There are 4 protein chains.
Amino acid sequence: MEELKQKVYEANMLLPKYQLVTFTWGNVSEIDRKTGYFVIKPSGVEYDKLKPEDMVVMDLEGNKIEGEYNPSSDTPTHLEIYRGLPKVTGIVHTHSPWGTSWAQAGRGIPCYGTTHADYMYGEIPCVRNLTKEEIDEAYEKNTGVLIVDYFKEKEYMAMPAVLCKNHGVFTWGKDAHEAVHNAVVLEEVAKMAAQTEMINPDVKPAPQELQDKHYYRKHGPNAYYGQK
Amino acid sequence: MEELKQKVYEANMLLPKYQLVTFTWGNVSEIDRKTGYFVIKPSGVEYDKLKPEDMVVMDLEGNKIEGEYNPSSDTPTHLEIYRGLPKVTGIVHTHSPWGTSWAQAGRGIPCYGTTHADYMYGEIPCVRNLTKEEIDEAYEKNTGVLIVDYFKEKEYMAMPAVLCKNHGVFTWGKDAHEAVHNAVVLEEVAKMAAQTEMINPDVKPAPQELQDKHYYRKHGPNAYYGQK
Amino acid sequence: MEELKQKVYEANMLLPKYQLVTFTWGNVSEIDRKTGYFVIKPSGVEYDKLKPEDMVVMDLEGNKIEGEYNPSSDTPTHLEIYRGLPKVTGIVHTHSPWGTSWAQAGRGIPCYGTTHADYMYGEIPCVRNLTKEEIDEAYEKNTGVLIVDYFKEKEYMAMPAVLCKNHGVFTWGKDAHEAVHNAVVLEEVAKMAAQTEMINPDVKPAPQELQDKHYYRKHGPNAYYGQK
Amino acid sequence: MEELKQKVYEANMLLPKYQLVTFTWGNVSEIDRKTGYFVIKPSGVEYDKLKPEDMVVMDLEGNKIEGEYNPSSDTPTHLEIYRGLPKVTGIVHTHSPWGTSWAQAGRGIPCYGTTHADYMYGEIPCVRNLTKEEIDEAYEKNTGVLIVDYFKEKEYMAMPAVLCKNHGVFTWGKDAHEAVHNAVVLEEVAKMAAQTEMINPDVKPAPQELQDKHYYRKHGPNAYYGQK
């Protein structure tokens, strides 16, 4: 657990490094699938005061196993995603500016090019608002339920990102570090997609064969990018 | 007073840190409600030459109590706000770029998402231009009078920010530091709102129940965000 | 002259500091009105290799008085401005991104707010393209002639900036440092004006009485901003 | 070869310095025209871990001559350009945000001003998508073939840049360093062109005589910019 706390601490500290957060507007977690415990940032603690030992250890029933602080207020969302999407091992939540602007606009991000296709297969979806009943009953939990409902029958490791309407961004991956990596990709792709539409309001998504080529040169059995 | 001067100095120095000011285009003050004295930045002094002892102490009649320099030329605006809005203890004025762009556009900033709703309840208002008579009579004072008139019957601690048409931004809080925090929030929210409209020109504000949820999970008796 | 070379060197080094230039795309000069000599950056020398002794001394006939290097290729423009606008003592040329975008768009920058009015009185003009004949005859000189023709009967110290269509920006002031200051103001104002029109395409300039108030609280016999 | 590896390493390290790349999204190569060997960045290695000895040496048949790592996955594109455009000695590929936004928009970048004309003569072209057959057969190689087909009968050293639709940017030059310089110019010009159209949707390219003047004052027998 000390090792995981260190890892999650380091992944959290990448959020300000990549300028994905202002103040405390973001959090990272990672789960140990053997024990079912996950480690998450404490709520409302500033990044420049954060220490590895401040990380909070939770179980999948929502019980705090270890930690001085309250866990992130978004903890029930992380928990639902870990329960419903079993291949997910790390999760990031941010209000990164361009991603959040798309979420506020209520639009998914079309795949306009290979930067996007290299990491995420197809349009990055924007899930609907929760109803008043869902908010009142259990806002953070139901945010996770909504995300899981959308993704559970899909190849969610090939689309490791979602926009929550009028709210912000969740990304995931095979560990906390990859989830942060995907959060950086999403912000860059969100910025370029908005600029693309500004330059050409009638633009169409990239051809499917180009999207396929880039995604599969980095993922799956025929990947040849990098040193693998 | 020395302690307050130090606090106000530090709060002023956060403005360049958060890239809210160019040159000397901003100022921060905080009031000691017991004595009725407030401390404010001197006028036109560059941030990288500013020292705690340069801060100017004023009373609520506009008399300089202590200080070598002239106080900020916006001092009469701060003074009117302290007189008219008794819960305000710290005030910030900036020309931060996105906030000022909305002010120049003459539009309030709609609440498009939870980043906004977490800190400010509803649309951030843009108050009207002063008339020629109000400008000629007492420009800076009447800017404060206009702000107080707009807010005095409202829950102004739940909307700690205002745009002054064709001018810039004022924010406030329970101390100078919180007022700066709100100035950072406003700039981030202003940027994302403009980008949101660029991505979806027909966008509507966030649902009221979502705004309520986020505002009240951070404020008031039922707040549960953070470590309180 | 050594002192002036040092001053002009320091003013040149502010251009990269304020992110107004990429590579060598800018230059600053200052004139000693007693001798009629002016000091200017050498042509095409990178900022991080620039030294005070590299500055070039010129007279108003275009003769090099001192210096190892060729002077900036824009030297004839500076020279014409010094000859035609006798109150100008420092000049800056940049391709700063937002100012240049307005110049490329062929539009003057309307005065949308007090940030602009604090330093520059009215719309920042965009002068026309030179004709083919003017370009072929003496491009850089005729750029200066065009600027002087536009400004010589006007209060050019109250509008110390001009856009050259499809080209870039010139600013001036009572010394090189003030000219750089005005170049920073222009870039900030240009950015905010574009954002203002993006937020409200039907926006109008700031009311004249507000422009007057801000300009004259900083300039002229009734100024009261700062420590003067 | 050790010298060339050092040079190519240094040119690669300029990409993050000039903020042209996120993660590993870019690569630089340079060819030694005497031996026909070229040096290129290894695939998928992070910039902050890159060392000169990691560079990969290739011949123009696509054989690895030296190096521990796999070469950049874009190596076949570089190779085709070196074969087809014999004056090219250095090549850069990036996904720099503004250049990529134009590529995603499927539009060439019009020459709106002298910043562009100083380095690149005319509109920066955007080449078409590859067909499904071209992608399936040899994606990276055919990207190079397409670029060579477009440029081989043209003055390609006067237009050392191309956008690949829905993908990204390639630039070149007389060595790796100049190719990087052109990549920086392209990104700055791409940003300003988009902002220019935002400020004036009906804008036209700069007059031909102004483009000619700026290009030829820096290039060719009558150049007079700089210290040459």
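Residues numbered from 1 in each chain as written. Chains lettered and ligands numbered in written order. Predicted model: local features only at pLDDT ≥ 70, side-chain atom pairs only at ≥ 80, totals over all residues. Heavy atoms only, no water.

### Concerning the overall build of chain A
- For chain A, the count of helices and strands is 7 helices and 8 strands.
- In terms of overall size, chain A behaves like a compact globule, its C-alpha atoms giving a radius of gyration of 17 Å where 228 residues would be expected to give roughly 17 Å.
- A principal-axis box enclosing the C-alpha atoms of chain A has dimensions of 50 × 45 × 35 Å.
- Residues counted as buried form 63% of the 228 residues belonging to chain A.
- Intrachain contacts of chain A at a sequence separation of at least 6 include 63% that bridge at least 24 residues.
- Surface exposure of chain A reaches about 8800 Å², of which carbon and sulfur atoms provide 49%.
- Positive and negative charge centroids in chain A, built from 25 and 33 side chains respectively, lie 3 Å apart. (Helix = DSSP H or I, 4+ residues; strand = E, 2+ residues; numbered from the N terminus. Rg over C-alpha atoms; globule rule 2.2 N^0.38 Å. Buried < 20%, exposed > 50% of the residue type's maximum accessible area, 1.4 Å probe, protein only. Contact = heavy atoms within 4.5 Å. Areas by Shrake-Rupley, 256 points an atom, 1.4 Å probe, with all protein chains shown as cover. Lys, Arg positive; Asp, Glu negative; His and termini not counted. Charge placed at Lys NZ, Arg CZ, Asp CG, Glu CD.)

### Here's the deal with the interface of chain C and chain B
- Counting from both sides, the interface comprises 32 residues of chain C and, opposite them, 33 residues of chain B.
- In this assembly, chain C packs against chain B so that about 2900 Å² is buried in total across both faces, 57% of it on carbon and sulfur atoms.
- Remark: the boundary between chain C and chain B carries 2 salt bridges.
- Put simply, Arg217(C) and Asp74(B) hold a salt bridge, and the shortest N to O gap is 3.7 Å.
- Put simply, chain C and chain B have 15 residue pairs in polar contact (both at pLDDT 80 or more) between them.
- Secondary structure elements with two or more residues in the side of chain C that touches chain B: α4 (114–117), α6 (176–199) and α7 (208–218) of chain C. (Buried area = accessible area lost by both parts, 1.4 Å probe. Salt bridge = Lys/Arg side-chain N within 4 Å of Asp/Glu carboxyl O. Polar contact = N/O pair within 3.5 Å; in protein donor to acceptor, adjacent residues only side chain to side chain.)

### Observations regarding the sheet that holds strand β7 (residues 161–164) of chain C
Residue and element names in this part refer to chain C.
- Spatial strand order, β4-β3-β2-β1-β5-β8-β7-β6: 8 strands in an open sheet with mixed pairing. Looking along the sheet, the strands with just one partner apiece sit at the ends: β4 (64–66) and β6 (126–127).
- The sheet contacts of helix α1 (residues 2–17) involve β1 (26–32), β2 (37–40), β3 (56–58), β4 and β5 (90–94), and relative to β1 the element is tilted by about 155°.
- Sheet strands in contact with α6 are β1, β5, β7 and β8 (168–173), and its direction is about 135° off that of β8. (Pairing = 2+ DSSP bridges. Axes fitted to C-alpha atoms, helices over the stretch in contact; angles between N-to-C directions.)

### Some words on the UniProt feature "domain: Class II aldolase/adducin N-terminal" (unreviewed entry) in chain A
- Per the UniProt annotation, the sites labelled "domain: Class II aldolase/adducin N-terminal" (unreviewed entry) are residues 6–194 of chain A.
- What you have in residues 6–194 of chain A is 39% helix and 18% strand, and the ends, taken at the C-alpha atoms, are 36 Å apart. (UniProt positions renumbered as here; feature names shortened; annotations may be inferred.)

### Some words on the sheet that holds strand β8 (residues 168–173) of chain B
All names here are of chain B.
- Across the sheet, which stays open at both edges, the 8 strands sit in the order β4-β3-β2-β1-β5-β8-β7-β6 with mixed pairing between neighbours. Each end of this open sheet is capped by a strand with a single partner; those strands are β4 (64–66) and β6 (126–127).
- Where strand β1 (residues 26–32) and strand β5 (residues 90–94) come together, 5 bridges link them in antiparallel fashion. Looking at the pairing, Asn-27 lines up with His-93 of β5.
- Its contacts with the sheet put helix α5 (residues 132–151) on β6, β7 (161–164) and β8, and the angle it makes with β7 is roughly 130°.

### So, the relation of the copies chain C and chain D
- Overlaying chain C on chain D yields an RMSD of 0.0 Å, the required transformation being a rotation through 90° with an accompanying axial translation of 0.0 Å. Here the copies are linked by what is in effect a four-fold axis. Taking the C-alpha atom as reference, chain C places Met198(C) closest to the rotation axis, 5.6 Å from it.
- Here only 6% of the contact residues of chain C are again contact residues in chain D; the copies associate through non-equivalent surfaces. (Least-squares fit on C-alpha atoms with pLDDT ≥ 70 in both.)

### So, the pattern of salt bridges
- Within the structure shown, the criterion is met by 47 salt bridges over all chains.
- Residues Glu134(B) and Arg128(B) are paired through a salt bridge, measuring 2.9 Å at the closest nitrogen-oxygen approach.
- The closest approach of N and O atoms between Glu140(C) and Arg217(D), which form a salt bridge, is 2.6 Å. Of this pair, Glu140(C) sits in helix α5 (residues 132–151) while Arg217(D) sits in helix α7 (residues 208–218), each in a different chain.

### A word on the arrangement of the chains
- At the level of C-alpha atoms, the two units chain A and chain C stay apart, their nearest approach being 11 Å.
- One finds no contact between chain B and chain D; the C-alpha atoms of the two approach each other to within 11 Å at their closest.

### Details of the interface of chain C and chain D
- At the interface, 33 residues of chain C touch 31 residues of chain D.
- Of the roughly 2900 Å² buried at the junction of chain C and chain D (both faces included), carbon and sulfur atoms supply 57%.
- For the chain C face of the interface with chain D, the top three residues by lost area are Phe23(C), Trp25(C) and Gln104(C), together amounting to 23%.
- The tally of links from chain C across to chain D stands at 2 salt bridges.
- Taken together, the connections running from chain C to chain D amount to 15 residue pairs in polar contact (both at pLDDT 80 or more).
- For the side of chain C that touches chain D, the secondary-structure elements that each account for two or more residues are α3 (97–105), α5 and α6 of chain C.

### Structural notes on the packing of aromatic side chains
- Considering all chains together, one arrives at 36 aromatic pairs over all chains under this definition.
- Site record: aromatic cluster; members linked through ring pairs are Tyr18(A), Tyr119(A), Phe23(D) and Trp25(D).
- Lys41(C) extends its terminal NZ or CZ atom over the ring of Tyr47(C), reaching a point 4.9 Å from the ring centre.
- When the ring centre of Tyr156(C) is taken as reference, the NZ or CZ atom of Lys87(C) above it lies at 5.8 Å. (Phe/Tyr/Trp six-rings, centres within 6.5 Å; stacked < 30°, edge-to-face > 60°. Lys NZ or Arg CZ within 6 Å of the ring centre and 35° of its normal.)

### Considering helix α3 (residues 97–105) of chain D
- Counting buried positions along α3(D) gives 9 out of 9 residues, so the element sits mostly inside the fold.
- At the exit of α3(D) stands Gly106(D), carrying a positive phi of roughly 70°.

### Comments concerning unusual backbone geometry
- Unusually for a residue other than glycine, Phe23(A) sits at a positive phi of about 50°.
- Inspection of the secondary structure puts Phe23(A) in the loop between α1 (2–17) and β1 (26–32).

### Digging into the packing of helix α1 (residues 2–17) of chain D against helix α6 (residues 176–199) of chain D
Residue and element names in this part refer to chain D.
- The contact between α1 and α6 brings their axes to 9 Å, and the two run at 15°. The pairing of α1 with α6 is recorded here as roughly parallel in orientation. Here α1 and α6 pass one another in a crossing that is right-handed. Along the contact surface, α1 presents Ala-11, Leu-14 and Leu-15, while α6 presents Ala-176, His-177 and Val-180. (Parallel < 35°, antiparallel > 145°, perpendicular 65-115°, else oblique. Left-handed = near helix turned anticlockwise from the far one by under 90°.)

### Digging into the side chain of Asn166(C)
- Considering the arrangement of structural elements, one finds Asn166(C) in the loop between β7 and β8.
- Under the relative-accessibility criterion, Asn166(C) is labelled buried at 0%.
- A polar atom in the side chain of Asn166(C) sits 3.3 Å from the side chain of Asn129(C).
- Residue contacts for Asn166(C): discarding those within four places in its chain leaves Ala103(C), Gln104(C), Asn129(C), Tyr112(D), Gly113(D), Thr114(D), Ala206(D), Pro207(D) and Leu210(D).

### Describing the state of the cysteines
Residues and elements named next belong to chain B.
- Enumeration according to the criterion identifies 0 disulfides over all chains in this entry.
- With no disulfide partner, Cys-164 has as its closest neighbouring cysteine sulfur the one in Cys-126, 7.7 Å distant.
- Taking the relative accessible area as the measure of exposure, Cys-164 reaches 6% and is therefore buried. (Disulfide = S-S within 2.5 Å.)

### What about the environment of Glu61(A)?
Residues and elements named next belong to chain A.
- Mapped onto the elements, Glu-61 comes out in the loop between β3 (56–58) and β4 (64–66).
- Considered as a pair, Glu-61 and Ala-161 are 100 residues apart in the sequence and their alpha carbons are 24 Å apart.
- Beyond its immediate sequence surroundings of up to four residues, Glu-61 is in contact with Leu-79 and Arg-83.

### Considerations on the pairing of strand β8 (residues 168–173) of chain A
All names here are of chain A.
- Summarising burial for β8: 6 of the 6 residues are buried, a large majority.
- Here strand β5 (residues 90–94) runs beside β8; their pairing, made up of 5 bridges, is antiparallel. Paired with Thr-94 across the two strands is Val-169, which belongs to β8.
- As judged from the 4 bridges shared by strand β7 (residues 161–164) and β8, these two strands associate in the antiparallel manner. Each residue of the ladder has a partner; that of Val-162, found in β8, is Phe-170.
- Remark: 3 residues form the turn of the hairpin made by β7 and β8, two consecutive strands paired antiparallel; Asn-166 in that turn has positive phi of roughly 60°.

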